[in-house]
Amino acid sequence: MADPASRDADHPVRGTRAVKLACRGLWKVFGTSADRFQAMLPGTPSAADLHGAGLIAAVRNVEFAIHEGEIFVIMGLSGSGKSTLVRCLSRLVEPSAGQVLFDGRDLLKATETELIEIRRHKMGMVFQNFALLPHLTVLGNVAFPLEVQGVERQAREARAREMIELVGLKGRESCYPRELSGGQQQRVGIARSLAVKPDIWFLDEPFSALDPLIRREMQDEFLRIQSVLKKTIAFITHDFDEAIRLADRIAIMKDGEIIQIGTPEQLITHPATAYVSEFTRDIPRAKVLSVRALMRAPDERVEYAGQVRAEARVASVARQIVESPQPHAVVDGSSAIVGMIDRQQVIDLLVRQDGGQERPK
Amino acid sequence: MTAGTAAAVRVDTATPRSAVPWAWATIAVLAVCLYLGRAAAPWAVTFPEEWTLPAQAWVSRFVKWLYEDASLGLFTFQELTRAISWVLQWPLEAAKSLLSGGFVRGMGQQAVLIWPPLSWVGAIGVVTVMSLYARDWRLGLLVCGCFLYIAVFGQWHSAMITLSSIVIAVPLGVAGGLLLGILAFRHPMFERAITPIMDLMQTVPVFAYLVPILVLFGFNPVAAMIATIIYALPPMVRNTTLALRRVPTEIVEFGRMAGCSRGQLTWRVMVPAARGGLMIGVNQVIMLSLNMVIIASMIGAGGLGRDVLTALRSLNFGAGLEASIAITLLAIALDRLSQAYAARPPSAQSPGESRPRWRRHPHLLAATAVVAASWLLGWLIPAVQQYPEELQVTTGPLINETMKWLNVNFFDLIEALKAWVLLNFMVPIKRLFVALPWAAVVAALAYAGWRLGRWRLALLVAALAGFIAVTGQWEKAMQTLYLCGLATLLACALGIPVGILAARHERLNRVVQVIIDTLQTLPAFAYLMPVVMLFRVGDFTAMLAVIAYAIVFPVRYTIFGIRQIDPTLVEAAVASGCTRRQLLWKVQLPLAFPEIMLGVNQTILMALSMLVITALVGTRELGQEVYIALAKADVGRGVVAGVCIAFMAIIADRLIQPWVAARKHRLGIA
Ligand SMILES: Nc1ncnc2c1ncn2[C@@H]1O[C@H](COP(=O)(O)OP(=O)(O)O)[C@@H](O)[C@H]1O
Ligand SMILES: [Mg+2]
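Calculation notes
- For every chain, the first residue of the written sequence is number 1, and numbering continues from 1 along that sequence.
- Just so you know, chain letters begin at A and ligand numbers begin at 1, following the order they were written in.
- Thresholds applied to this predicted model are a pLDDT of at least 70 for local features of residues and 80 or more for the giving and counting of side-chain atom pairs; totals over whole chains, interfaces and linings are not thresholded and use all residues.
- Hydrogens are left out, water is left out, and the side-chain values use all remaining heavy atoms of the structure.
- For the purposes of this entry, the term helix denotes a DSSP run of H or I that reaches at least four residues, the term strand denotes a run of E that reaches at least two, and both are numbered from the N terminus.
- Using C-alpha atoms as the atom set, the radius of gyration is obtained and then compared with a globule rule of 2.2 Å times the number of residues to the power 0.38.
- Here's how the labels work: a residue is buried when its accessible area is under 20% of the maximum for its type, exposed when over 50%, partly exposed in between, all with a 1.4 Å probe on protein chains only.
- The contact rule is simple, with two residues in contact once any of their heavy atoms fall within 4.5 Å.
- In this tally Asp and Glu are treated as negative and Lys and Arg as positive; neither His nor the chain ends contributes.
- A charged residue contributes its charge at one atom only: NZ of Lys, CZ of Arg, CG of Asp or CD of Glu.
- Areas reported here follow the Shrake-Rupley algorithm with a probe of radius 1.4 Å; residue values treat only the protein chains shown as occluding.
- Pairing between strands requires that DSSP locate at least two bridges from one strand to the other.
- We call a residue near a molecule or strand as soon as one heavy atom of that residue lies within 4 Å of the molecule or strand.
- A 3.5 Å cut-off defines polar contacts: any pair of N or O atoms within that distance qualifies, except that in protein one atom must be a possible hydrogen donor and the other a possible acceptor, and neighbouring residues in sequence count only when both atoms are side-chain atoms.

Enquirer: Whenever I open this one, the overall build of chain B confuses me. Can you help?
Expert: Regarding its fold elements, chain B presents 30 helices and two strands. Here the C-alpha radius of gyration of chain B, 27 Å, is about what a compact globule of 670 residues would show, namely 26 Å. Considering only C-alpha atoms, chain B reaches an extent of 85 × 65 × 60 Å along its principal axes. Split into buried and exposed, the 670 residues of chain B put 50% on the buried side. A sequence separation of at least 24 residues applies to 80% of the contacts in chain B between residues at least 6 apart. Taken together, the 51 basic and 32 acidic charged side chains of chain B have centroids lying 7 Å from each other.

Enquirer: Help me out: how do you make sense of the overall build of chain A in this one?
Expert: Of the regular secondary structure elements, chain A holds 16 helices and 13 strands. Relative to its length of 361 residues, chain A is compact, with a C-alpha radius of gyration of 23 Å against a globular reference of 21 Å. Along the first, second and third principal axes, the C-alpha atoms of chain A reach 70 × 55 × 35 Å. In chain A, which comprises 361 residues, the share counted as buried stands at 53%. As displayed, chain A offers around 16600 Å² of accessible surface, 50% of which is attributable to carbon and sulfur atoms. In chain A, which carries 47 positive and 47 negative side-chain charges, the distance between the mean positions of the two groups comes to 2 Å.

Enquirer: It is not clear to me how the pairing of strand 2 (residues 112-115) of chain B should be interpreted in this structure. Could you clarify?
Expert: Consecutive side chains along a regular strand alternate between the two faces of the sheet. Residues and elements named next belong to chain B. The pairing of strand 1 (residues 103-105) with strand 2 spans three bridges and is classified as antiparallel. Looking across to strand 2, one finds that Val 104 is bridged to Leu 113. Counting the residues in the hairpin turn of strand 1 and strand 2 gives six residues, including Gly 106, whose phi is positive at 90 degrees.

Enquirer: What is the right way to read the site of ligand 1 from this model?
Expert: Residues and elements named next belong to chain A. All residues in the neighbourhood of ligand 1 are listed as Phe 30, Ala 58, Leu 77, Ser 78, Gly 79, Ser 80, Gly 81, Lys 82, Ser 83 and Thr 84. One nitrogen or oxygen atom from the main chain of Ser 80 is found 3.2 Å from an oxygen atom belonging to ligand 1. Thr 84 has a polar side-chain atom sitting 2.4 Å from an oxygen atom of ligand 1. Compared with its free state, where it exposes 560 Å², ligand 1 has 57% of that area covered by protein. Take the shell around ligand 1: its biggest share by element is three residues, from helix 4 (residues 82-89).

Here it is as structure tokens:
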């Protein structure tokens, strides 16, 4: 497998923003004889080796780096080790080997008290089944992380109210969790995890327990909140559509290993394995691919019907392009023409999707 | 448990099934041969006296040493027990003054009342407000009614003495159980250490440790309260570990992510999240404390328990029955109240949070108002302070008259019935049990153990049975087995059909559930009184009381066993054309059988614990030993007999549990 740096090579935010959280050679094996695993290191024992030793590897030699302000989605089927991985990042689960670098500092070397401090001030987490405390009101739940730190009542309740308003639950402060719908409960979970102004935000399948309609609404809500707060995010999901909708970059996980990391567009245009292309097959390409990925080289002899931006998703400009017989010019940020695109290209992309037929290349 | 199951499954495949009846037949033949040849080898039939160990004397000597000479470094053991008594005495005295005696200055004749106790009007007001807070006016009516009965029937004074020891014992038991439970949850080593002790404590009849407590702490209410707490503690410990273990992982993970310290995680996250399970434990502590009321009066508790005991000893049935009913009503009121508190969801605060503090707690306010008003009125009108004697009702004489009438008119009939059952049924069985050669019984138990759990279980069972023989308790143990076995058999013979009917008829089920729920709230002693009234003392009475007490369990487990069967199985059977009868015999009963056996197991345990209580009516088994030991403060005798009863319970439990597990495994419903 290629090294992680080269895989994010052409990522837009890389290089401009610092790495917030990274892990190197991260392993988590479950089983009674963990010392037998230590004996296999360094090296990359295979699943069969581990199985022979009575061990289950939930996370296998994982490497990635999450940049500041990035939404990093970890996607994989159930049982692929996502939850274990995200818990290793906060040391809720103790990794078996490797490094977790948070702001450049190895978390695995932190003492218990340091860890408590880091979790209190720098980390927030949202759980699949909400994990709200049943005996506290919405206000009490959201203020809880601050209460644990010993923040004054007035200050923590003010902050909690601010968060409750942010997630759109104003007026529900004195309800108890069981009086709320699933979607509302998860809003509380989100508000609570943000109350301490975390540097890094972990979300473990936050919307998986919700109905599809509510899930979409929550995804929009999540994007809205992120556009305001610009957190660094590790988002877990088993739903590729959700990953595509939310991610700056996606890591695809299978049997504890990360198979590929890339932007949604990269995963679709250059799937690393058949497993990845299997996921991307049913994805509406026009919604993921940018005009840049589809354009041809510009032709000076052609008269353009108009201009479209290279970064725009094809779906968002499809109508404009298809309605005109003339091709459109593709421009970059500085309005320089970098390519052109015509209706046939767009129609091909759309038809291939809906007709379900691959066009021979 | 899982190890046992695995072993049992292995045994099933390893031993050819046809060999099993032969093995049992061999043991039976062995028993007969031993009995017939008892002249040649008498030691194999009756355990020889010269082989017995003086375990009783050892225990007595140990406790004497503990009490008189043992030193724990800085202080002696005796000083420790005195300190404990002294510390516990204060809250107990305070509660008693508050509820029944009032606060006085001075002693004896010169005592001056400086503050009256809570009046009956005030107390009823407070419990009613509590029920309104916990649930609704219906509960309020029930609880109010229970307490009113107590006042009207002249049981108030005694009931308040009993209540005062309950209100101190329960919080102490809950707190102690909670702390031990948390420790056990946190440290698996500690859990492994206390589990066998808890098991033993739950099976050793209370009487057995009453004797050491009597010797160490004396004959007084504090000693009684200590016994109550020890008795009520184990279920709280168990419920605590269970409830904490059931807290969803995500909630614990949230607590850790929020940066909770260990203490914060336990007290701010896990304990509140486990509230439901913990409240079940609290309810059990309350019920067990009430169950102890009468037994505790044997080592110095006053109140209703002592009234019942005195009445029982002097055969004053009227008074005994009234006090029994009062205990029962107290139990029902406290049970329903605590359950309502447990089920009460935290209520949404109404929007007006800016209201003044006192208006946010209307119930607290109401209770305070009731107490203050009743206190003020109490000064002016004595009838408010103390329920007027001339308005008291008593059914005592009436009941005594009825009894007299029954005895005059039906004495012959009742006696004839009793004699017939005894002569034709109970005495022969008793003779058979006592005549069984001990060696054959131990062999049979060991073989059963070997079949179910190979050597480990065989050795355990044989060792426990051997202990009973070696300490010279064999004959008494056989008498215990006979009474307990008969009672269990009859309870199951009556209870299982009722359970089957109820499980198949929803209407009947609802009625049965209400009845067994009520029966289960009754303290064990309540069952004794009416039976003694009719049948006087003896084995027959004891057996009836045990059956009445234990019948709830076969009913409950049978209903549960049949109801928990996967409905698709039943549907499949109906779809393939089973009649209702076939459905019962071919599908429901076989699948429910393991569950029913668990009910039988529970029935045996309950029968054993009840036997100790029926010793009061003059049976001749291990329970009687404990009872005599209590009267004579003979620690060794009481403890050894108590441990023997516990061992019998453990033998039954350890044999039935793996059997059930193996059976479930075979049926694929494990
Ligand atoms: N505490 C544990 N002990 C043993 N195995 C575990 C434990 N937690 C997770 N696993 C195993 O690790 C694998 C990954 O689990 P998980 O991280 O929960 O996957 P996901 O969140 O992707 O569904 C699974 O095979 C699971 O059985
Ligand atoms: Mg998961």
